[in-house]
Amino acid sequence: MNKKKLLTILSVVCLLFFLTGCSTNFDLIDSNTTFESMKNAEGNGIFDLILTWPLAQAINQLTDKIGSVFFAIVIVTVIINAILLACTYKSNVAMQKMQSIQPELTKIQKKYEGRTDQTSQMRMSQEMQALYKKYDINPFGSLIASFLQFPVLIAMYSAVRRSAAVASGTFLGHTLALTPREALTEKAWPLLAIYVFMIIAQIVSVTLPQTLNKIRLKKEADLHHKHYEAPQNQNVAMTYGMVIFIAFIMISWPCALSLYYSISSCIQIIKTLILNKITEKDIAK
C-alpha cells in the first residue's frame, strides 16, 4: 500500500464519518420499524435509509429466527462479504496481481532511484505501464475493493448501534453493545477475546499477500536453481499502521463491530488464498 493509496483511503474514512455523523436520530430499530417510518422520522439521512436500516433489520430478523445475535451478525457478515466479492472480483484479482509483481515494480523504481529529471521519470512510468499491460492489471481498479469496504463498515457501526437485537441480546452473558474498553472495565473476557482475535486476524489478512509472494518467489528461485533473495517490504510501517488504526477506532466501538471485522478478516484470508492460486496461474502464463 503506497502513501497515495493510504491517504486516499483515510480521506474516504473521514468523509464517511462526516456523512454518518450528520445523522441525529439514534432511536433503536426493531423488527417492526418499517422503511416508511424510518423515512418519516426526523434525523434519518439517506445513509440510514439505504444501508443502516436494511442491515439493522437483517440482524433483528435473523436473531428472532435463530435466537442468537452473535450468529446473526456472523451470517450478515458472510452475506455482506459474498456480495462485496461478487461486485469487486476483478478488483480483488488486480490487487492480488499487484502484490505478485511488486518485486518487478521495485526493480524498476530502484533502476531510476535518485533520477528526478523528467525524461527518467517518464521512462520509469512507461516501464511500469508496460508491466501492468503485460499482466493485464489496472492499478486503479485495485482501489475499488478498498473503497467499498469502508462505507459498509460505517453502515455496520450505525446498524449495530441502533439494532434492538444487539441492544437486548447477549453473548455468553455479555451484551455485544459494550465497547472493548467497557468490556475490560466490566471484565467481560469473551468480548475482549473477540477484540483480540479481530486484531490477530487483521494482522494475518494484511500480511498474508506478502508472505505468499515470498513463498512463490522462493519456489521459482529453487526451480531455476537461482539464489533466492527475499524482497524487502517497504510498506511495513503503513501496513501495521492500518492495523493500529483499526484497533484504535474499534476499542471505542461496540464489540459487535469487532465480531464483524473478525469474520470479515477471516473471509479475507480465505479469499487471498483462493485468489493467490488463480493469479499464480495467470502470472505463470
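Cut-offs applied
Residues numbered from 1 in each chain as written. Predicted model: local features only at pLDDT ≥ 70, side-chain atom pairs only at ≥ 80, totals over all residues. Heavy atoms only, no water. Helix = DSSP H or I, 4+ residues; strand = E, 2+ residues; numbered from the N terminus. Buried < 20%, exposed > 50% of the residue type's maximum accessible area, 1.4 Å probe, protein only. Contact = heavy atoms within 4.5 Å. Areas by Shrake-Rupley, 256 points an atom, 1.4 Å probe, with all protein chains shown as cover. 1 Å grid on protein atoms, 1.4 Å probe; cavity = no way out; pocket = protein on both sides within 12 Å on 5 of 7 lines; lining within 4 Å. Points joined across faces, edges and corners; volume = space filled by probe spheres on them. Nonpolar A, V, L, I, M, F, W, Y, C, P; charged D, E, K, R; others polar. Phe/Tyr/Trp six-rings, centres within 6.5 Å; stacked < 30°, edge-to-face > 60°. Patch = residues over 30% accessible without salt bridge, like charges linked within 9 Å, V, L, I, M, F, W, Y side chains within 5 Å. Salt bridge = Lys/Arg side-chain N within 4 Å of Asp/Glu carboxyl O. Core = buried A, V, L, I, M, F, W, Y, C linked by side-chain atoms within 4.5 Å. Axes fitted to C-alpha atoms, helices over the stretch in contact; angles between N-to-C directions. Parallel < 35°, antiparallel > 145°, perpendicular 65-115°, else oblique. Left-handed = near helix turned anticlockwise from the far one by under 90°. Expected span 1.5 Å × (residues − 1). Arc of directions from axis to C-beta. pLDDT = per-residue confidence, 0-100.

The secondary structure content of the chain amounts to 13 helices and 0 strands. The order of α-helices and β-strands along the chain, N terminus first, is α-α-α-α-α-α-α-α-α-α-α-α-α. In the chain, buried positions account for 45% of the 285 residues. Across the chain, the fraction of contacts at a sequence separation of at least 24, relative to all contacts at a separation of at least 6, is 75%. Only carbon and sulfur atoms are counted for the fraction: they give 63% of the accessible area of the chain, which is about 15,800 Å².

Turning to unusual backbone geometry, a few remarks are in order. Positive phi, close to 50°, is recorded for Leu-172, a residue that is not glycine. Tracing the backbone through its elements, the reader meets Leu-172 in the loop between helix H9 (164-168) and helix H10 (180-185). Residue classification places Leu-172 among the exposed positions, given a relative accessible area of 62%. The backbone of Lys-187 shows a phi angle near 55°, a positive value even though the residue is not glycine. When you line up the elements, Lys-187 lands in the loop between H10 and helix H11 (189-223). The class of Lys-187 is exposed, set by a relative accessible area of 56%.

What follows is about the layout of surface pockets. In this structure, the second largest pocket encloses a volume near 210 Å³. Ile-50, Leu-51, Pro-54, Leu-55, Ala-58, Val-76, Ile-79, Ile-80, Ile-83, Leu-84 and Val-152 together form the lining of the second largest pocket. The set of elements that each furnish at least two residues to the lining of the second largest pocket consists of helix H3 (46-66) and helix H4 (69-87). Residues belonging to the lining of the second largest pocket are distributed by class as follows: 11 nonpolar, no polar and no charged.

A full pass over the atoms with the stated rule returns 4 aromatic pairs. Ring geometry for Phe-35 versus Trp-53: centroids 5.7 Å apart, planes at 70°, classification edge-to-face. Within this pair, whereas Phe-35 is found in helix H2 (residues 35-40), its partner Trp-53 is found in helix H3, the two being separated by 18 residues in sequence. Taken together, the ring pairs connect Phe-70, Phe-71 and Phe-171 into an aromatic cluster.

Moving on, we come to a nonpolar patch on the surface. Taken together, the side chains of Ile-66, Phe-71, Ile-75, Ile-79 and Ile-83 make up a nonpolar region of the molecular surface, amounting to roughly 450 Å² of accessible area. Element by element, the count of residues in the nonpolar patch is highest for H4, at 4 residues. Here Phe-71 lies in helix H4. With a relative accessible area of 49%, Phe-71 lands in the partly exposed category.

Our next topic: the nonpolar core. Core analysis: the biggest nonpolar cluster contains 47 residues, and Ile-59, Met-156, Leu-176, Leu-191 and Met-250 have the highest contact counts within it. Sort the elements by how many residues they give to this core and helix H8 (residues 143-162) lands first, with 8 residues. In contact with Met-250, other than residues within four places in its own chain, are Leu-153, Pro-180, Tyr-195, Met-198, Leu-257, Ser-258 and Tyr-261.

Looking now at the side chain of Thr-33. Here Thr-33 lies in the loop between helix H1 (3-21) and H2. Using a relative accessible area of 14% as the deciding quantity, one classes Thr-33 as buried. In this structure Thr-33 touches Leu-28, Met-38, Trp-53 and Gln-57, once residues within four positions along its chain are discounted.

Quick look at the packing of H3 against H4 now. Taken N-terminus to C-terminus, the directions of H3 and H4 make an angle of 130°; their axes are 8 Å apart at the nearest point. Considering the angle they form, H3 stands oblique to H4. In the crossing of H3 with H4, the sense of the turn from one axis to the other is right-handed. Between H3, through Leu-55, Ala-58, Ile-59, Leu-62, Thr-63 and Ile-66, and H4, the contact on the second element is made entirely by Val-69, Phe-71, Ala-72, Ile-73, Ile-75, Val-76 and Ile-80. In the contact of H3 with H4, the residues fall into 12 nonpolar, 1 polar and no charged.

With that out of the way, let us pick up helix H7 (residues 118-134). Over its 17 residues, H7 extends 24 Å from the first C-alpha to the last, a length consistent with the 24 Å expected when each residue adds 1.5 Å. Ser-120, Met-124, Met-128, Leu-131 and Tyr-132 are the residues of H7 that are buried. Buried positions in H7, seen along its axis, are confined to an arc of 115° and lie on one side of it. Opposite its buried face, H7 presents the exposed residues Gln-118, Lys-133 and Lys-134, each directed more than 90 degrees away. Positive phi shows up at Asp-136, right after H7, with a value of about 55°.

Parts of the prediction with low pLDDT should not have their coordinates interpreted in detail. When pLDDT is averaged across the chain, the result is 77; 74% of the residues are at 70 or more. Of all helices and strands in the chain, the one with the weakest mean pLDDT is H1 (50), whereas H10 scores best (91). Here residues 1-7 scores under 50 on pLDDT; set against residues more than four positions off or in separate chains, the count is 13 contacts. Counting interchain partners and residues more than four positions distant, the pLDDT-below-50 stretch residues 18-22 has 2 contacts.

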